[in-house]
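# Summary of structural features
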Amino acid sequence: MANIEQDTEGRGKYFLAAFLGPLIWGFMAVPIRLLKNWSAEDILHYRIILAVSLLWLFNIVFRKADIRADYNYFKQLPKNNRTKITYLTLISAILLFANWYTYIYCINSISVQAGAFAYILCPLITTAAGYLILKENLNIAQKVSLLIAITGVCMLATGSLTEVLWSLTIGSLYAFYLVLQRIIQGFDKLNMLAIQLAICTLFIIPQMLVDQSPIPQDSTFWTVTLTIALLFTIIPLFSSMYALKKISSSTLGIMLYINPIIAFALAITYFREQVDPYKFWAYGLIFLAILIFNSDKIKFLFKRKKHM
């Protein structure tokens, strides 16, 4: 019993990191909507450019030893493993790029609720993939929680087919991105993120040169995009990848439900979108599923608090 408590306590910072990412992303619709007058392509392009510039500047100035260690580790790997890591990193960058674009477009052109629903589907896909592909274990309570969550998702999927398809696309892209990060082990997560973002720039620079779109001059665009790049990109992505060092894809997947619950609340209270009454029941079931999935951790936290 002591070993279990020590292990749970030791992994506390990883659970905090898993919680922080979805918490921040839950509010992301707010800055995205502030840029509604600009195209999804412009928002995506400059978000990537600012994020990759900030991240590489930070790594080069403060983390040269970590970069060197990862480079040496990569060189020492067998050729087959190096090839595997290279392909997985490339696919990760493609998934991340596609997820960002579809999410931005969805928020500004479809609805905030559709974006929220995407990250309700995402944890189910992540958890299912972790269970089926990575052979991660789920106890009975966690399997029950997934069934409850699926019931809530089915209730939400009875609306617009267009919104459901957009949501499914966005959720699937990020879910498989997370699964790949769980497979890519042995490398510093911040370095890996920097490489993935650098690959993303290879997708956008040729397009920007061909389109020759004018550089936005509005200070609001740059202030909000810089905020998105730092607060809503680097910090939550790193926290999610850091969490995957010690916790399973399944656990991180269920934690992602924090994101859509916040986004759904914002859609109602801040963006004043109309919501059908049954959706409140659906989100209630999903919230219940989160509690059941993490019941063992919640019990430990309460028990620890009583002994303090």
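Rules of the game
Residues numbered from 1 in each chain as written. Predicted model: local features only at pLDDT ≥ 70, side-chain atom pairs only at ≥ 80, totals over all residues. Heavy atoms only, no water. Helix = DSSP H or I, 4+ residues; strand = E, 2+ residues; numbered from the N terminus. Rg over C-alpha atoms; globule rule 2.2 N^0.38 Å. Buried < 20%, exposed > 50% of the residue type's maximum accessible area, 1.4 Å probe, protein only. Contact = heavy atoms within 4.5 Å. Lys, Arg positive; Asp, Glu negative; His and termini not counted. Charge placed at Lys NZ, Arg CZ, Asp CG, Glu CD. Phe/Tyr/Trp six-rings, centres within 6.5 Å; stacked < 30°, edge-to-face > 60°. Lys NZ or Arg CZ within 6 Å of the ring centre and 35° of its normal. Expected span 1.5 Å × (residues − 1). Patch = residues over 30% accessible without salt bridge, like charges linked within 9 Å, V, L, I, M, F, W, Y side chains within 5 Å. Areas by Shrake-Rupley, 256 points an atom, 1.4 Å probe, with all protein chains shown as cover. Salt bridge = Lys/Arg side-chain N within 4 Å of Asp/Glu carboxyl O. Polar contact = N/O pair within 3.5 Å; in protein donor to acceptor, adjacent residues only side chain to side chain.

## With respect to the overall build of the protein chain
The number of helices and strands found in the protein chain is 15 helices and 0 strands. Taken over C-alpha atoms, the radius of gyration comes to 20 Å for the protein chain, in line with the 19 Å a tight globule of 308 residues would show. With the principal axes as the frame, the protein chain shows a C-alpha extent of 55 × 55 × 40 Å. Scored against the burial criterion, the 308 residues of the protein chain give a buried share of 49%. Here the contacts in the protein chain between residues at least 6 apart in sequence split such that 89% fall between residues at least 24 apart. Placing the 26 positive and 15 negative side-chain charges of the protein chain at their respective mean positions leaves the two points 9 Å apart.

## Some details on unusual backbone geometry
If you check the backbone angles, arginine 272 has positive phi at about 60° while not being a glycine. With respect to the helices, strands and loops of the structure, arginine 272 is situated in the loop between helix H13 (258–269) and helix H14 (278–293).

## Remarks on the packing of aromatic side chains
Applying the stated criterion across every chain yields a total of 16 aromatic pairs. Plain terms: the ring middles of phenylalanine 264 and phenylalanine 280 are 5.8 Å apart, the flat faces sit at 70° to each other, and that makes the pair edge-to-face. Residue phenylalanine 264 is located in helix H13, and its partner phenylalanine 280 is located in helix H14; the two are separated by 16 residues in the primary sequence. An aromatic cluster of at least three residues, connected via ring pairs, comprises Trp38, Tyr46, Phe221 and Trp222. Stacked on the ring of phenylalanine 271, the Lys or Arg arginine 33 has its end atom at 5.0 Å from the ring centre. The ring of tryptophan 100 has arginine 47 lying over it, and the distance from NZ or CZ to the ring centre is 3.8 Å.

## Details of the environment of glycine 171
Along the chain, glycine 171 turns up in helix H9 (residues 161–183). On a C-alpha basis, the gap between glycine 171 and tyrosine 87 in space is 22 Å, while along the polypeptide they are 84 residues apart.

## Examining H13
Between the first and last C-alpha of H13 there are 17 Å, a value that for 12 residues agrees with the 16 Å anticipated at 1.5 Å per step. If you check which residues of H13 are buried, you get Ile258, Asn259, Pro260, Ile262, Ala263, Phe264, Leu266 and Ala267.

## Things to note about a nonpolar patch on the surface
Taken together, the side chains of Leu20, Leu54, Leu226, Leu230, Leu231 and Ile235 make up a nonpolar region of the molecular surface, amounting to roughly 430 Å² of accessible area. As for its placement among the helices and strands, leucine 54 is situated in helix H4 (residues 40–62). Given the relative accessible area of 31%, leucine 54 is considered partly exposed.

## Observations concerning the side chain of aspartate 70
With respect to the helices, strands and loops of the structure, aspartate 70 is situated in helix H5 (residues 64–76). Although aspartate 70 is buried, it makes no salt bridge; arginine 63 carries the closest opposite charge, 6.7 Å away. Reaching out from aspartate 70, the side chain makes a polar contact with the side chain of asparagine 191 at a distance of 3.0 Å. For aspartate 70, the residues in contact, after removing those within four places along its chain, are Gly186, Phe187, Asp188 and Asn191.

## A word on the environment of lysine 36
Among the secondary structure elements, lysine 36 is positioned in the loop between helix H3 (29–34) and H4. Its relative accessible area of 45% is what places lysine 36 among the partly exposed residues. In sequence terms lysine 36 and isoleucine 107 are 71 residues apart; their C-alpha atoms lie 8.9 Å from each other.

## Structural notes on the pattern of salt bridges
Considering all chains together, one arrives at 3 salt bridges under this definition. For arginine 33, the salt bridge goes to glutamate 273, with nearest N and O atoms at 3.6 Å. With a gap of 240 residues between them, arginine 33 in helix H3 and glutamate 273 in the loop between H13 and H14 connect regions that are remote in the sequence. Ionic pairing is found between arginine 63 and aspartate 66, a salt bridge with its closest N-O pair at 3.9 Å. The network of salt bridges with common partners includes Arg63, Asp66 and Asp188.

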